[in-house]
Amino acid sequence: MTTRAFVGRPTAGPREAADWSRGQVLSNDLRSVVGRAFPRVRGMAREPSWLLFEILLPFLTTSSFVFVYQALHAPPEYIGFVVLGGAMTAFWLNVVWMMAAQLYWEKDQGNLELYFAAPMDVMSVLFGMAIGGLIMSATRAAVVLVVASVVYRVQFSVEQWGLLLLVFFLTLAALYGLGMVLASLFLMWGREAWHLTQLLAEPVYFVSGLNFPVAALGRIGALALATIPLATGLDAMRQLAFSGSVGPVFLSPEVEALILIAMTVLFVLLARFMLRTLEERARREGRLTVRWR
Amino acid sequence: MTAPTTALEPGARPLFDPGRTRGRGSVDLVRSFRTAAALGWKMEANWTDPLLFFIYSVAKPISAALILVAMLEVITGASGREFRGFVVVGSALWSFVISGIAGLAWSVLDDRERYRMLKYVYVSPSDFVVVLLGRGTARIAVGAMGAAITLAVGVLLLGVAFDPLAVDWRLLVVTMALGLHAIVVIGLLLAAVCLQTRQESWSYPEAVAGALFLVSGAVFPLAVLPAPIQVIGLLNPLSWWLEGCRRALFPDGASSVGGTGSVYAELSGRLAPDAPTIVLALLVTGALVTLGGAVVFRWSERRAKDRGLIDQTTGS
């Protein structure tokens, strides 16, 4: 005898109901991605204050650094570096605030136990967060890039559009992969994670060479290129967007693209491993519902 | 068995003393402020060991200064060393702005979204603004630590020329007091905004501080900006605060408000403001911001009560 009591389709019992095909698992995870991305995208329309705080004001911050270079009578391409860096910070801040700290935040709100109890892969929740956040970040980055380029008359000199776009998407993939790793770590670190989000702004901007060629930092810059996707992606994009006028460089954009691919694979695998490990540990130690620590 | 004491018996302590609802005026305010400041400090500092807390407190302002020093070094090399003092002082003092603004705004978000205590704090007999100010004070203390260390790093490691005997302490104390007042009021304004918005507002203080960075002469003279934006800068109390602190710490340093071709020089006929002008301008612009901040905060408070925003938690 079959019944629909356990799931939407007729099954003989709970064991059969829980036995999902690969297609059902995939479809469920995709719906989880959409479900987690939805509130972020929908929230943008519900509260338009983000247009001021996430787009206009960061544009003014970027402008400050443009004026620093103007005060120093820097070559025009340096103003382009600031604009490019200002656009890319949108993604970095999104990764830190809306990916890395998010699981810790969800725990505080009481949603985390629901995520772990739901029949889905937690990676799909993180992926949904990434997609939802990407829309807001991409809008901010596009506005900063377009408006600042027009206002400050930035002259781009691109010879390899394909490679530039490839590096851009690889940078995003590596950044959000890193965000997933940090999300697991932050979940483990608890309240320290909240404070560490602060540490991941200016210090990372400095070692990543946000407004200047990272090679100017010597060994620190080289180390950043090997470990921080923002540094690697920015350096490659800077070389590709302002070809022939970048100053000292450590690596070619092609090599940096390969580093970004390696980072993406490493970060996603690491995030998957860490999420599984932390989930198991959190279940065993009963810390999924322990808040505010 | 003895009969229960009632309020009607002579000499018995009344069950309810209406006098207690009247409070004790300034004594209660001071106690609320002290309690909120102590709580804020514990929340800021007790999450880790002192060494990590110290690193966390100074890493941000030092990195911000190093970004500017690197930009300076890349463009000007050794010839731009004299400008280092300007950017190091500006970025060091800016940590007061970031922490001062964030402290008050994050108190609202922390208590509403994370700890869900805002409604209880709000209905308690303590004055809500005093509680917010107390909580914000702790973060300003963290900002002060970052500013002091950044200045020390600037002088000891980055070669910023500093003569302690040349410091105008009177001007420094007056401008710091007035400037901190202005920062706290801007923080209160942002707390008013955060009462209306949702969880994602965590990044708003940083965004506002970043925007003010442009019109404060923090790391470049206002004279670089287009004239209309310079006027906005002259109406901003933070510009005068930074100018006053610079003038007090480095009496011979460059002016961030004046300079050749600046709107200030055109209006006043002088290249740089003197100490009394700085203090007067800081007083006037600070008073304007205070007035605006008080009006906006009260409006926001009323709207939040009206729409039930004080105990609303959000998430996306």
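Values in this document were obtained by computation on a predicted structure and should not be read as measured data.

Caption draft 1: Region of interest: the overall build of chain B. When its secondary structure is counted, chain B shows eleven helices and zero strands. Secondary structure of chain B in N-to-C order comes out as α-α-α-α-α-α-α-α-α-α-α. Dimensions of chain B, computed from the C-alpha atoms along their principal axes, are close to 90 × 45 × 45 Å. Sorting the 316 residues of chain B into buried and exposed places 47% on the buried side.

Caption draft 2: Seen up close, helix H7 (residues 204-214) of chain B. Judged by how many residues are buried, H7(B) sits mostly within the fold: eleven of eleven residues are covered. For H7(B), the complete set of buried residues consists of B:Tyr204, B:Pro205, B:Glu206, B:Ala207, B:Val208, B:Ala209, B:Gly210, B:Ala211, B:Leu212, B:Phe213 and B:Leu214. Elements that come into contact with the buried residues of H7(B) comprise helix H3 (49-71) of chain A together with helix H3 (84-114), helix H6 (169-196) and helix H9 (237-249) of chain B.

Caption draft 3: Examining the packing of helix H2 (residues 50-76) of chain B against helix H5 (residues 128-156) of chain B more closely. Residues and elements named next belong to chain B. For the pair H2 and H5, the least separation of the axes is 8 Å and the interaxial angle reads 45°. The orientation of H2 relative to H5 falls into the category oblique. With respect to the hand of their crossing, H2 and H5 are arranged in right-handed fashion. In contact with Ser57, Val58, Lys60, Pro61, Ile62 and Ala65 of H2, H5 contributes Val142, Met145, Gly146, Ala147, Ile149, Thr150, Val153 and Gly154.

Caption draft 4: Geometry of the packing of H6(B) against H9(B). Residue and element names in this part refer to chain B. Relative to each other, H6 and H9 sit at 160°, their axes nearing to 9 Å. If you check the angle between H6 and H9, you find them roughly antiparallel. For the element pair H6 and H9, the recorded crossing hand is left-handed. From H6, Leu171, Leu172, Thr175, Met176, Leu178, Gly179 and Ala182 reach across to H9, where they touch Pro237, Leu238, Trp241, Gly244, Cys245, Arg247, Ala248 and Leu249. Tallied by class, the residues present in the contact of H6 with H9 amount to eleven nonpolar, three polar and one charged.

Caption draft 5: Examining the nonpolar core more closely. One finds A:Met99, B:Ile101, B:Ala105, B:Leu190 and B:Ala191 to be the most contacted residues of the largest nonpolar core, which totals 180 residues. The greatest single-element share of this core, amounting to 18 residues, is contributed by helix H4 (residues 76-100) of chain A. Each residue touching B:Ile101, except ones within four places of it in the same chain, is listed here: B:Ile183, B:Ile186, B:Gly187, B:Leu190, B:Pro205, B:Val208 and B:Ala209.

What counts and how
- Residues numbered from 1 in each chain as written.
- Chains lettered and ligands numbered in written order.
- Predicted model: local features only at pLDDT ≥ 70, side-chain atom pairs only at ≥ 80, totals over all residues.
- Helix = DSSP H or I, 4+ residues; strand = E, 2+ residues; numbered from the N terminus.
- Buried ≥ 20, exposed ≤ 12 C-beta atoms within 10 Å, placed from the backbone.
- Contact = placed C-beta atoms within 7 Å.
- Axes fitted to C-alpha atoms, helices over the stretch in contact; angles between N-to-C directions.
- Parallel < 35°, antiparallel > 145°, perpendicular 65-115°, else oblique.
- Left-handed = near helix turned anticlockwise from the far one by under 90°.
- Nonpolar A, V, L, I, M, F, W, Y, C, P; charged D, E, K, R; others polar.
- Core = buried A, V, L, I, M, F, W, Y, C linked by C-beta atoms within 7 Å.

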